[in-house]
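# Survey of secondary and tertiary structure
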Amino acid sequence: MDDSTLAQQQQKLKYYQKGTFTVGNRLVSDAERSVQASAERSNALTSGHRACQGCGEALGARYAIDAAMRATGNDLIAVNATGCLEVFTTPYPETSWQLPWLHSLFGNAAAVATGVAAAQRVKGKATRVIAQGGDGGTTDIGFQCLSGMFERNDDVLYICYDNEGYMNTGVQRSSATPPAARTATTPALGPEPGNVFGTGKFVPKIAVAHGIPYVATATVADLRDLEAKVIKAMGIRGARYIQINVPCPLGWGAPSYDTIKLARLAVECGLYPIFEAEHGRITQSRKIRRRIPVRDYLILQKRYAHLFRNGVDDPRVARLQAICDAHIEDYGLLGDDEA
Amino acid sequence: MDHDFAITLDVGTSLANHTGAWRTFRPEYVHRLPPCNAACPAGEDIQGWLSFAEAGDYEAAWRALTKNNPLPAVMGRVCYHPCETACNRAQIDAAVGVNAVERFLGDMAIAKGWAFEPPAQKSGKKVLVVGAGPAGLSAAYHLAVLGHDVNIREAGPAPGGMMRFGIPKYRLPRDVLDAEVARIAALGVRIDYNSKVSDLQATIKEGGFDAAFLAVGAHIAKRAYIPAGEATKILDAVQVLASMEGAEQPLLGRRVVVYGGGNTALDVARTAKRLGAEEAIIVYRRTREKMPAHDFELEEALEEGVMMKWLSTIKHVDAGAITVEKMKLDETGFPQPTGEFETLEADSVVLALGQDVDLSLLDGVPGLEFADGLVKVGPDMMTGATGIFAGGDMAPSERTVTVAVGHGKKAARHIDAFLRGAAYAPPPKHELAGFEHLNAWYYGEAPQTLRPTLEIARRSSTFEEVVQGLDESNALYEARRCLSCGNCFECDNCYGVCPDNAVIKLGAGQGFRFNYDFCKGCGVCEAECPCGAIAMAPEEI
Ligand SMILES: Cc1cc2nc3c(=O)[nH]c(=O)nc-3n(C[C@H](O)[C@H](O)[C@H](O)COP(=O)(O)OP(=O)(O)OC[C@H]3O[C@@H](n4cnc5c(N)ncnc54)[C@H](O)[C@@H]3O)c2cc1C
Ligand SMILES: Cc1ncc(C[n+]2csc(CCOP(=O)(O)OP(=O)(O)O)c2C)c(N)n1
Ligand code: SF4
Ligand code: SF4
Ligand code: SF4
Ligand SMILES: [Mg+2]
């Protein structure tokens, strides 16, 4: 077989019945499968936790920490901010974590992780450190500690599980809550129901602005991409940041079975851009595969129900669409097929 | 350990916390019926044999296929593949080329000399099969595999029925047919040629048969009354095609008119072209949309230069010419005469108007019932006469090779039960794996591999096979396009996506199990299973 037909064949085999979209694939070698496909995955966050049915955060955390454990040969410590992830895994005395794990406060995970990393260095240990928390613990109260950790380029991977609100305390707004979303503190009342437009912050971009070695966004809807990013991050020294979109059935008002679907649609409409940046520059973005209007994503969630009252779309649907369109342009989210 | 106030568990793992108690719905692994399987007249487990082919285990694929159909190389050439029409993949890009992969497996089996497993035990029962067409061959194969002693009596000089004396060589090379028949005969099936059964009851008695399966096909050409002058040449399509198997080829002349709109008409016209006719014109009284022939066959014929005269009936045949009347479809879609006439030059006219069944061998058999010149059979393929079963073209159904093979299989299973004094109860069918059960997101984009066709120049002068097969890499690729509708293909999605880590992976080929101690019933696994192999069932609370 000459090279061109071999290449042609590989091109074809790439499709492999289901491409690489599924978790595993019986037709490829174990090495080509995801960490999650392995019967030997560490299950860093094991069963018996008290997360809601279909919790995207529980899923995202297992995806990320299992990949990090594989990448570090299980030599890993996690520091957790207060939030659902801490509360549903570790109501003393039980815990679901299968690795050394530390909890201090809501706002100081980045600083504690900095200290743990420094301690490893002092003790001459190779143990790596991950800090993790929710969007509230990251973008709001923990932001100062996080920015400091970036600025000092401490050897910590910080993972933010972004469910777009303070879910653990009853679904309040955070600075990562999207415009128009209803939360307990942005009720669907009055002339502008739900969260306001024009406020909040997108921490991944702020992290990029710190010029740290590695920043990425990811989603529970694309496991391969998520794992690749975590593994890549663990191969880098210094401050790193990954933010994972993790739908929350309770806070978003969605059926428990739609968790991955919602994460997928958030990417496919352009609302949640998935990209990578190194040393202050965006290097790659994940292309939209089957573009959808943002409406298809919003309408599945009760937190946006007020946008579709009486069978008419609220004009703010168009404003959200404009945000998606801007993301698509800014991050180059369309591939050759979609452009 | 003593616990503090409000603390119930020891320090450490949460595994003591059985969150499965939260569940109101439980996921269950299920099998659903793939639409291809549901549509296959021979009842093949297409998804099942494709799954072996996907892994490159072609022999296992062929063995799984031939559990239901002993003629894959023939099927892969002549079957009209209703499986592909039903295939879910058509809703993503294009149907899986099931038929092409089937042919690939059939051809590989012939090349490698794979043989059927002989039965472990003989039943000692004797079954007569009348006719060595697809229905008879299929029944004989299944009966032989079930351990019965089978004797086929065939009126003609060679096996295959319409597969040999109807379907032209350029669609089904005879060495392919011969190889697949030989493999059935190698199971110990005795085929007597030139042995027309003219008195069924006498034959059963003489041979000491315990049961009989009739599959004599439909070979008597239907005639239409057409006023004809002297020295005109009017022939029957089935006779023309059958004579292609003899030493002398039929003389059709330079300009051949074929009358009819079915596949047989196309086969005759294409054969005439190959025999050297300058013109082969098909006269048909309706339109292309109403034509019973398949569109791909018409396309192939048109490419070869066959011409069509739509909305026309033959009024008169003279030496060297025919008169046709133009027709018009009425509101009900029925053709009505217009009174407009036209003359076409023609050296011969071939009638392809369908065939009737020769039922003379059944004279005097008590209990038989007939309808429209066909033998009536029950759901078990038994005729009104106890122990006498029938199928294929002689029984009411669609007339295709695949239906005939399916009849043969079904009859064999009921005959087997009959011989044991039992009744055969087919296993209950699974719920259909319709497209709505799939999560199409997970399938990669992959268009269908088209089978190469012989260049037109060679086709119209030779009887070489028109449609070529796939090579190994193409066949593998095509097999891997299958979505595995309704049946787990071990994608690990359920195992991966469960937020509660409540799916247990049992290992390659072993599938998965739910750990109901921890499954909260969120349904993410069901939603993200690409192929619909998980169902949510309400818990009894
Ligand atoms: C020109 C043509 C093209 C076709 N193309 C296709 C195609 O591409 N795909 C497709 O699926 N179908 C096709 N068909 C239809 C298909 O061939 C038939 O539906 C199928 O062969 C029927 O199978 P059978 O076993 O019932 O009968 P047959 O194939 O007709 O076989 C009956 C056999 O019984 C023998 N026999 C008859 N009477 C007696 C007797 N008294 N004693 C002993 N033996 C007897 C005959 O000699 C014959 O061998 C085509 C048909 C024709 C005519
Ligand atoms: C200093 C302080 N303020 C408030 C709280 C209460 N509190 C606990 S978790 C939480 C919200 C967590 O939100 P987020 O970080 O987004 O995580 P989520 O629960 O959404 O995963 C709050 C406000 C606290 N624990 N500490
Ligand atoms: S995709 Fe595969 S299993 Fe599904 S209908 Fe098509 S051939 Fe059958
Ligand atoms: S994903 Fe897990 S918890 Fe949810 S229904 Fe399936 S097995 Fe149960
Ligand atoms: S999700 Fe994949 S592994 Fe699980 S049942 Fe469906 S096909 Fe099988
Ligand atoms: Mg949150």
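Above this note sits the structure.
Right, let's walk through the structure included here. In this text the structure is predicted, and so the values were computed from the model without any measurement.

## Let's talk about the sheet that holds strand β9 (residues 255-259) of chain B
Residues and elements named next belong to chain B.
- Strand order across the open sheet formed by five strands is β8-β15-β9-β10-β11, with parallel pairing between neighbours. The two strands at the open ends of the sheet, each matched to only one other strand, are β8 (234-236) and β11 (307-309). Shown here is a sheet whose adjacent strand axes are inclined to one another by a mean of 25°, direction ignored.
- Where β9 lies against strand β15 (residues 348-351), four bridges are found, and the strand directions are parallel. Bridging from a neighbouring strand, V257 pairs with V349 of β15.
- Taken strand by strand, helix α12 (residues 263-274) contacts β9, β10 (279-283) and β15, and its axis lies near 165° from that of β10.

## Brief notes about the side chain of Q47(B)
All names here are of chain B.
- With respect to the secondary-structure elements, Q47 resides in helix α2 (residues 46-54).
- One polar contact links Q47 to S484, side chain to side chain, over a distance of 3.1 Å.
- Filtering out sequence-adjacent residues up to four positions away, Q47 remains in contact with P34, C36, N37, S484, C485 and N487.

## Considering the site of ligand 1
All names here are of chain B.
- Around ligand 1, a shell composed of 34 residues is seen, among which V78, E154, R171, H219 and D393 lie nearest.
- Between an oxygen atom of ligand 1 and a main-chain N or O atom of P134, the distance comes to 3.3 Å.
- Measuring from an oxygen atom of ligand 1, one finds a backbone N or O atom of M162 at 2.9 Å.
- Considered on its own, ligand 1 offers 990 Å² of accessible surface; in the complex 94% of this is hidden by protein.
- Elements supplying a minimum of two residues to the shell around ligand 1: α7 (134-145), α12 and α14 (401-419).

## What about the environment of S312(B)?
Residues and elements named next belong to chain B.
- Along the polypeptide, S312 turns up in strand β12 (residues 312-318).
- Separated by 19 residues in sequence, S312 and E331 have C-alpha atoms that sit 17 Å apart.
- Ignoring anything within four residues of it in the chain, the contact list for S312 reads Y259, V283, Y284, R285, V324, E325 and M327.

## Considerations on the interface of chain A and chain B
- Each side of the interface is counted separately: chain A has 51 residues, and chain B has 52 residues.
- Interface area for chain A against chain B, summed over the two sides, is near 4,500 Å², with a carbon-plus-sulfur share of 51%.
- Our enumeration of links across chain A and chain B arrives at four salt bridges.
- Its salt-bridge partner being R26(A), residue E54(B) comes within 2.9 Å of it at the nearest N-O pair.
- For the pair chain A and chain B, the number of links is 31 residue pairs in polar contact (both at pLDDT 80 or more).
- At the level of secondary structure, the elements contributing two or more residues to the side of chain A that touches chain B comprise α1 (3-13), α2 (56-72), β2 (94-95) and α10 (259-268) of chain A.
- With five residues, α10(A) is the largest single contributor of residues to the side of chain A that touches chain B.

## Some remarks on the site of ligand 2
Residues and elements named next belong to chain A.
- If you check the shell around ligand 2, you find 16 residues, and the closest are E57, C84, G136, G137 and G165.
- G165 places a main-chain nitrogen or oxygen 2.8 Å from an oxygen atom of ligand 2.
- The contact in question runs from an oxygen atom of ligand 2 to an N or O atom on the backbone of M167, over 2.9 Å.
- About the coverage of ligand 2: the protein hides 73% of its 580 Å² of free accessible area.
- For the shell around ligand 2, the class distribution of residues is five nonpolar, nine polar and two charged.

## Quick word on α7(B)
Residue and element names in this part refer to chain B.
- The end-to-end C-alpha distance of α7, which contains 12 residues, comes to 16 Å, matching closely the 16 Å that a straight helix rising 1.5 Å per residue would cover.
- Along α7, 11 of the 12 residues are buried, which leaves the element largely enclosed by surrounding structure.
- Residues of α7 that are buried: P134, A135, G136, L137, S138, A139, A140, Y141, H142, L143 and A144.
- Looking one or two places after α7, you find G147, whose phi comes out positive at around 100°.

Cut-offs and rules
- Residues numbered from 1 in each chain as written.
- Chains lettered and ligands numbered in written order.
- Predicted model: local features only at pLDDT ≥ 70, side-chain atom pairs only at ≥ 80, totals over all residues.
- Heavy atoms only, no water.
- Pairing = 2+ DSSP bridges.
- Helix = DSSP H or I, 4+ residues; strand = E, 2+ residues; numbered from the N terminus.
- Axes fitted to C-alpha atoms, helices over the stretch in contact; angles between N-to-C directions.
- Contact = heavy atoms within 4.5 Å.
- Polar contact = N/O pair within 3.5 Å; in protein donor to acceptor, adjacent residues only side chain to side chain.
- Near = heavy atom within 4 Å.
- Areas by Shrake-Rupley, 256 points an atom, 1.4 Å probe, with all protein chains shown as cover.
- Buried area = accessible area lost by both parts, 1.4 Å probe.
- Salt bridge = Lys/Arg side-chain N within 4 Å of Asp/Glu carboxyl O.
- Nonpolar A, V, L, I, M, F, W, Y, C, P; charged D, E, K, R; others polar.
- Expected span 1.5 Å × (residues − 1).
- Buried < 20%, exposed > 50% of the residue type's maximum accessible area, 1.4 Å probe, protein only.

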